[in-house]
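Residue-level structural notes
Chain by chain, the residues:
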Amino acid sequence: MAWFNRSKKSGDVAVLEREEVKVSISIDQDTDFYRQSKMIHLNEQTLRNLASLQANVETHIDELVDSFYASMDHAPELLAMIEQHSTIDRLKQTLHKHIIEMFEGTIDDAFIQKRVKIAHIHASIGLQPKWYLAAYSALQDKMFERVAETIDQCRAIATMISFEQQLVLE
Ligand code: HEM
C-alpha cells in the first residue's frame, strides 16, 4: 500500500508539472486550418504532450536531423534536388529549428503561415507530395523510436505531423 501511495503521489506531481507548461493554440476560426485542427483533435493537451518532450528532442536533435537526410540516400534524385537549390548543411540548420518549433507548445498564425511558405518553397522546386510524405514518415518513425516515451506522446507527435502534412499539401 505504501508503494501504491508513493507512486500515486509521484504520478500526481508529473501531471502537475505537465499542466504548468504554457501552451497556446490560436487559429482563426473562419479558416479551414481551424476546422482541420478540430477534426484531428489538435488541442492544448496535444501541445502539452509535445512540450513534455522538448528536453528529449533537444538531446536527440542531431540524430533526428541526420537520419532525415540519410533516409534520402534511397532516393538520390532528392539529394540532387537539394544540391541544385541549397546544401544539406544549410537545410540541416533549417530543419533543426523547424523540429524544435514542433515541440514548443504554440500554434498561432505565424506558425501556420511559416509552414504554408515552406510548402510554397517546396512546390517551387518541384518536390512531389509522395516524397514529402515519405520524409515525414521517416521523421515520425525516428521520433517514436528516440523521443517518445508514452502512447500519448506518440499520439501527439502523430497529430502534429498530420497537421503539418495538411498545411504542406494545401
Ligand atoms: C527548404 C523543411 C522535406 C528539399 C526547407 C526549409 C525547411 C524545410 C524548414 C527552409 C525554408 C526556408 O528557407 O524558409 C522540410 C520538412 C520536410 C522537408 C519539414 C518534410 C518532413 C524536403 C524534402 C526535400 C526537401 C523531401 C527533398 C528534395 C528542400 C530544399 C529546400 C528546402 C531544396 C531549399 C529551397 C530553397 O531555398 O530554394 N525545407 N523539408 N525538403 N527543402 Fe525541405
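Our subject is the structure listed above.
Below: a short report on this structure. (Residues numbered from 1 in each chain as written. Predicted model: local features only at pLDDT ≥ 70, side-chain atom pairs only at ≥ 80, totals over all residues. Heavy atoms only, no water.)

A few points about the side chain of glutamate 101
With respect to the element layout, glutamate 101 can be found in helix H6 (residues 88-102). Accessibility expressed as a relative area gives 14% for glutamate 101, which makes it buried. Here lysine 114 takes part through its side chain, which lies 2.8 Å from a polar atom of the side chain of glutamate 101. Residues contacting glutamate 101, with those up to four places away along its chain left out, are Phe111, Lys114 and Arg115. (Helix = DSSP H or I, 4+ residues; strand = E, 2+ residues; numbered from the N terminus. Buried < 20%, exposed > 50% of the residue type's maximum accessible area, 1.4 Å probe, protein only. Polar contact = N/O pair within 3.5 Å; in protein donor to acceptor, adjacent residues only side chain to side chain. Contact = heavy atoms within 4.5 Å.)

So, the coordination of the iron atom of the ligand
In this structure the iron atom of the ligand is ligated by exactly one protein donor, His122 (NE2), at 2.0 Å. With respect to the helices and strands, the residue histidine 122 is situated in helix H7 (residues 109-124). (Donors = N, O, S within 2.8 Å, 3.2 Å for Na, K, Ca; no water.)

Regarding the pattern of salt bridges
It is possible for side chains bearing opposite charge to pair when their charged atoms get close. Under the criterion given, the structure shown has 10 salt bridges. We note a salt bridge from lysine 92 to aspartate 66, for which the minimum N-O separation is 3.0 Å. Of the two residues, lysine 92 is situated in helix H6 and aspartate 66 in helix H4 (residues 54-70); the sequence distance between them amounts to 26 residues. Its relative accessible area of 37% is what places aspartate 66 among the partly exposed residues. Here arginine 115 makes a salt bridge to glutamate 164, at a shortest N to O gap of 2.6 Å. Here arginine 115 is found in helix H7, whereas its partner glutamate 164 is found in helix H9 (residues 151-168), with 49 residues between them in sequence. One network of salt bridges, with partners in common, ties together Lys97, Glu101, Lys114, Arg115 and Glu164. (Salt bridge = Lys/Arg side-chain N within 4 Å of Asp/Glu carboxyl O.)

Description of helix H5 (residues 76-85)
Within the sequence span of H5, burial applies to Leu78, Leu79, Met81 and Ile82. On an axial view of H5, the arc spanned by its buried residues comes to 155°, and they lie on one face. More than 90 degrees from the buried face of H5, the exposed residues found are Pro76, Glu83 and Gln84. Contact partners of the buried residues in H5: H4, H6 and helix H8 (129-146). (Arc of directions from axis to C-beta.)

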